[in-house]
Amino acid sequence: MTTALIVLPLAAALVVWMLPLPGRAAGALALLAALAEVTLWAVAVGQFDFAQGLQLEDRHSWFSDLGVSYHVGFFGYSLWLAGLTVVVCTIAIAFATWAGGDRSRGYHGLLLFLMGSIVGVFTAQDLLVFYVFFEAMLIPIYVLIGVWGGPRRLRATATFVIYTMAGSLLMLAAIIVFGLSQDTFSLVDSGVSSNDWVFLGFLLAFAVKAPIFPFHGWLVDAYRESPPEVAAILSGVVSKAAVYGLLRIVIEKFPQPVEQFQSTILAFATIGLIYASVLAFRAPDIRGVTAYSSMAQMGLITIGLFSLNELGINGAIVQSVAHGLVSATLFLLAGMVELRTGTSSFAGLGGMARGRPVLATVLMTTGIIALAVPGSVAFAGEFLILAGIYGVGWGWSVIGAAAIVLAAMYMLRLISAVLHTARGRDVSEDAPDVRPFELAVVVPLVALLLVLSAWPASISERSYLFEQQSEASP
Amino acid sequence: MIPTPKVDWLALAPTLALLGASGVALLGSVLVPWWMRRFFSALIAFAGFVTAGVFAAIVFDETANGLPLLAESFTRDRLGALAALIVAGAGVLSVLVAWGDKRRDHVGEYYALLAAAGAGMVFFVTASNLMTLFLGLEWFSIALYILCAMDTHREASLESGLKYLIVGAFGSSILLFGSALVYGATGTIGFSEIAAADVGDDVLLLAGLAMLIAGLGFKASAAPFHMWTPDVYQGAPTSVTAFMSAATKVAALVVTLRLLVVAFPEQADLWTVAIAVIAIVSLAVGNFAALVQRDVKRLLAYSSVSHAGFMLIAIAANSELGARALLYYLIPYGAMSIGSFAVVAARERELQAPVTLDNLGGLGWERPFLGAALWVFMLGFMGMPLTGGLIGKFYVFSAAYEAGWWWLVVAGVIATAISLYYYLGVIRAIYLRPAAELRPAIAGGSPPLDPPLQVAVFLSVAVTVGSFFFVQPLIDLARDAAASLPF
């Protein structure tokens, strides 16, 4: 089951690459495969028992002398993260199919490949398998940005790859040390470790991926230069690989160092949260705001994870899913605005609400959810995180709450700069409203956000089984 | 009746098959009419390498325990058989790469020398005394000197052959000098007898050991004995470079492993440090020098220096895991190396000019298959997933860590990080360059179809990717081979 979820998009990628189809047909085929993947995921949810731990496992020995096996399976929270992945990637593929573009076969194949490897990351139960998928994500991203990105894409890809690879190579060393000292690379069989260096190796890799302050140097360039649907996947889904890694590896395998470094990590996450929020408020374009808000949210999610209690961790999972959907929607909307005006800079935008009610409604809804208005899923997530961190120290939750105010400031600024104020110089009178197909792409995301807003407990009560985990690893 | 020593013909079969092929190809260059000479000699060399591979596989299968042969001058064991198998595989691929070469003169000699070099290597990896070691080394080296200088109309090729000859002869003489010193210290030349002589830390012996390491270092192109590598790799015909980069490295590193482990177990605390230092120097030199290369063959040459560093880390581990890591690493490395030179050869034939990062531009879109293949090879060199390169590095680092060389792991990780820059540079050149920047300088018309080369590239990709998925069978082979060494 789990293997099928990983292999289906990878196999589909190969088919799309090999078959000499014209552009739109390749896109349609990719979309079909992606929809099949969503169905498969829904079937997996149907089979899943959220009261239990690891399920839907597949395990085969890969090479036995070092104790490495191909081992995949789902926990409640990773099933949600995988769901986020398949949904966002499917939407991204649909958007790319609609938007057209050259070298469509290569593009859609890479998107499918990316989808498969991200699902792989969320299911990996063996350190080397995790590393394989974690690195495999980089390959398509590098080409997707490098070939189809904006004018400064070469710099963006170089920075992105150097940052992330530096992190992951440290992780490789950490994996080797951890695995050899435990005599197994399995995340299920291995015990806990108290080696600070190994801990830091893992932590750094995920801090770069998230990104957590001060490892965010690659962020803005990568998000600005990517095609919109790739930026949606990057900020919505790829950053969540860090969440899975922090939770499954750092927090579960290194309880002692985590406790020791908890305040330091929380301090960096909080600084990142505030700093990124301020930067988002100052950013001159839609993508900049979304990129920095994404970083701020990752800071908040990290705070939730490192509150190390049930409320905080489940809040972090809810917030991960919510932010994934929000930020994907925002990047796709940015893409639509760019398609109409040729810019995402606020200097040239404004007044787009007039005569474009659909765009205004969608952007407004997403923006309001993003700023965590009470009743929204983001509010639920943030509330849980703040409640969780309150147990660690009330000061953290005060700062976290302050950040929510900042979120309101930058999101409202974004909404008003795009939709309201005077008509910008790049907005032509006859720039059309959101077209039906575009709407069909965005509506599922917004609808999911609304459903989750109505019922956030669907995730928060079905993700991280705190009792069981802490019993399993004393 | 004259008493003759019993000869184990099966153990010699891989070597003899290649020698035979070499002889037939040579005869063919005189007897076969010119219009089918190229096809004939390529076919013979191909058949020779295939036969050698089959015999090596049989030897591997039938030799559970190592047997010393002919007064212990060489050994029939699984280590030698596996190395011979890899060399034969590299030879098969190189013949396929060379097939489409529009060489007009010396074509028979070309394939004859290729087979002879292969024969020398297959013999070299079984050597178990210093005399046969030197014999094997010179045997394949001399064939390679001529092969490098084969394109007599190109100055670069002549320069390459001459440089390789001079530097190679220097390396060989150091090796020979070292052998003499070791003989002086122990009174014997057999590997296991040297170990048994047990003369301790005799200065003569240690000097000899150092010289032996240096001599083999020349062949493995490990820094600081790598000076010839970029010039020779760049100037030699590309199919020869492909063969050298894979097969010579296999032979030299396997023999280094065998020599050090079998003959010098007492001095292990010294030579592991020496090998570790050479490994680090190779990593540093190879990676930093590759950063600034524009010529793709030079870039790959420095990359091969840095990979020699990675593989020496495995030798420095001086453990069975290390031997396994080395033997595993050689398989995907050989495939990636030949494969990437094959792509370079294809581009060279198309452009009729040396391939640089500039004129590689757009390859990925013009020739989707070759471009994707080169992409896979670069990912393999980087140690990215879905290629055996990752597993190879994983094993090498694991072996180093288990042997207590944690700083070698750190050095390897840093080196890998640096190497990303130039490997990604190749990928950038083939995919990421904007169309406006590309000035394709195609020599005229669409490129000739070259099915053998495509097959070689395809096989290399298959090995590179397949070694990622089927680690266990390869590791089993490597374990069986490593079991013939006395750890």
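Residues numbered from 1 in each chain as written. Chains lettered and ligands numbered in written order. Predicted model: local features only at pLDDT ≥ 70, side-chain atom pairs only at ≥ 80, totals over all residues. Heavy atoms only, no water.

Explain the overall build of chain B to me, using residue names and the numbers behind them.
Helix and strand counts for chain B come out as 19 helices and two strands. Taking 487 residues into account, the globule formula puts the C-alpha radius of gyration at 23 Å, and chain B, at 21 Å, falls close to it. Buried residues in chain B amount to 63% of all 487 residues. Taking contacts inside chain B between residues at least 6 apart in sequence as the whole, the part at least 24 apart equals 80%. Total accessible area on chain B is roughly 16800 Å²; 70% of this is exposed by carbon and sulfur atoms. The positive charge centre, built from 25 side chains, and the negative charge centre, built from 30, are 11 Å apart in chain B. (Helix = DSSP H or I, 4+ residues; strand = E, 2+ residues; numbered from the N terminus. Rg over C-alpha atoms; globule rule 2.2 N^0.38 Å. Buried < 20%, exposed > 50% of the residue type's maximum accessible area, 1.4 Å probe, protein only. Contact = heavy atoms within 4.5 Å. Areas by Shrake-Rupley, 256 points an atom, 1.4 Å probe, with all protein chains shown as cover. Lys, Arg positive; Asp, Glu negative; His and termini not counted. Charge placed at Lys NZ, Arg CZ, Asp CG, Glu CD.)

Outline the nonpolar core, supporting the account with residue identities and numerical values.
Membership of the largest hydrophobic core comes to 374 residues, with the highest contact counts inside it found for Phe-202 of chain A together with Phe-264 of chain B. The next biggest cluster of nonpolar side chains, apart from the first, holds five residues, and it includes Ala-11, Leu-12, Leu-69 and Phe-74 of chain B. (Core = buried A, V, L, I, M, F, W, Y, C linked by side-chain atoms within 4.5 Å.)

Residue-level account of the environment of Ile-91 of chain A, with values.
All names here are of chain A. Structurally, Ile-91 can be placed in helix H3 (residues 76-99). Separated by 87 residues in the primary sequence, Ile-91 and Ala-4 have C-alpha atoms spaced 20 Å apart. Those residues in contact with Ile-91, other than ones at most four positions away along the chain, are Leu-332, Val-441, Pro-444 and Leu-445.

Go over the side chain of Ser-172 of chain B, please, and point to the residues and values.
Residue and element names in this part refer to chain B. For Ser-172, the location among the structural elements is in helix H6 (residues 155-186). Under the relative-accessibility criterion, Ser-172 is labelled buried at 2%. Once residues within four sequence positions are removed from consideration, Ser-172 is found in contact with Phe-134, Leu-137, Glu-138 and Tyr-145.

Break down the pairing of strand S1 (residues 55-63) of chain A for me, citing the residues and quoting the values.
Residue and element names in this part refer to chain A. Across six bridges, the pairing between S1 and strand S2 (residues 68-74) is antiparallel. In the sheet register, His-60 faces S2, and the bridge partner there is Tyr-70. Count of turn residues in the S1/S2 antiparallel hairpin: four residues, of which Gly-67 carries a positive phi of about 70°. (Pairing = 2+ DSSP bridges.)

Go over the confidence of the model for chain B, please, and point to the residues and values.
All names here are of chain B. Confidence in the prediction of chain B, expressed as mean pLDDT, is 89, and 97% of residues score 70 or more. The least confident element of chain B is strand S1 (residues 67-69), whose mean pLDDT is 76; the most confident is helix H12 (residues 296-316), at 94. Taken together, the chains of this predicted complex give a pTM of 0.93 and an interface ipTM of 0.91. (pLDDT = per-residue confidence, 0-100.)

Please set out helix H16 (residues 394-419) of chain A residue by residue, giving values where relevant.
Compared with an ideal rise of 1.5 Å per residue, which puts 26 residues at 38 Å, H16 of chain A spans 38 Å between its outermost C-alpha atoms and is within 8% of the ideal. Among the residues trailing H16 of chain A, Thr-421 of chain A stands out with phi positive, at a value near 55°. (Expected span 1.5 Å × (residues − 1).)

Give me the pairing of S2 of chain A: which residues, what numbers.
When a strand is regular, its side chains alternate between the sheet's two faces. For S2 of chain A, the buried fraction is high: seven of the seven residues fall into the buried class. The alternating pattern of S2 of chain A places Val-68, Tyr-70, Val-72 and Phe-74 of chain A on one face and Ser-69, His-71 and Gly-73 of chain A on the opposite face, and all of these are buried.

Let's hear about a nonpolar patch on the surface: which residues, and what values?
Taken together, the side chains of Tyr-390, Trp-394, Val-398 and Ile-399 of chain A make up a nonpolar region of the molecular surface, amounting to roughly 460 Å² of accessible area. Tallying contributions element by element places H16 of chain A first for the nonpolar patch, with three residues. (Patch = residues over 30% accessible without salt bridge, like charges linked within 9 Å, V, L, I, M, F, W, Y side chains within 5 Å. Salt bridge = Lys/Arg side-chain N within 4 Å of Asp/Glu carboxyl O.)

Quick rundown of the interface of chain B and chain A? Include the residues and the values.
Facing 33 residues of chain B, the contacting portion of chain A comprises 35 residues. Roughly 3000 Å² is buried in total at the junction of chain B and chain A, and carbon and sulfur atoms are behind 81% of that figure. Of all residues in chain B, Trp-365, Phe-394 and Leu-432 of chain B give up the largest surface area on contact with chain A, accounting jointly for 23% of the area buried on that side. Taking the shortest distance from any N to any O, the salt bridge between Arg-324 of chain B and Asp-65 of chain A comes out at 2.5 Å. Those elements that provide at least two residues to the side of chain B that touches chain A are helix H13 (320-351), helix H15 (368-382), helix H16 (388-402), helix H17 (406-432), helix H18 (451-469) and helix H19 (471-482) of chain B. Examining the composition of the side of chain B that touches chain A, we find that ten residues originate from one element, H17 of chain B, more than from any other. (Buried area = accessible area lost by both parts, 1.4 Å probe.)

Could you give an account of the packing of aromatic side chains, naming the residues involved and the relevant values?
For the coordinates displayed, the defined rule picks out 55 aromatic pairs over all chains. Their ring planes at 85° and their centres at 5.6 Å tell us that Tyr-223 of chain A and Phe-331 of chain A sit as a pair that is edge-to-face. Of this pair, Tyr-223 of chain A sits in helix H9 (residues 219-225) while Phe-331 of chain A sits in helix H13 (residues 310-341), and the two are 108 residues apart along the sequence. In this structure Phe-331 of chain A comes out as buried when scored by relative accessible area, which is 0%. Pairing Phe-381 of chain B with Tyr-423 of chain B gives two aromatic rings, centres 5.4 Å apart and planes at 20°, and the pair type is stacked. Taken as a pair, Phe-381 of chain B in helix H15 and Tyr-423 of chain B in helix H17 lie far apart in primary sequence, 42 residues in all. Each member of the pair, Phe-381 of chain B as well as Tyr-423 of chain B, carries the same accessibility label: buried. When the ring centre of Phe-134 of chain A is taken as origin, the NZ or CZ atom of Lys-209 of chain A, which lies over that ring, is 4.8 Å away. One residue, Arg-428 of chain B, lies across the ring of Tyr-421 of chain B, its end atom 5.8 Å from the ring centre. (Phe/Tyr/Trp six-rings, centres within 6.5 Å; stacked < 30°, edge-to-face > 60°. Lys NZ or Arg CZ within 6 Å of the ring centre and 35° of its normal.)

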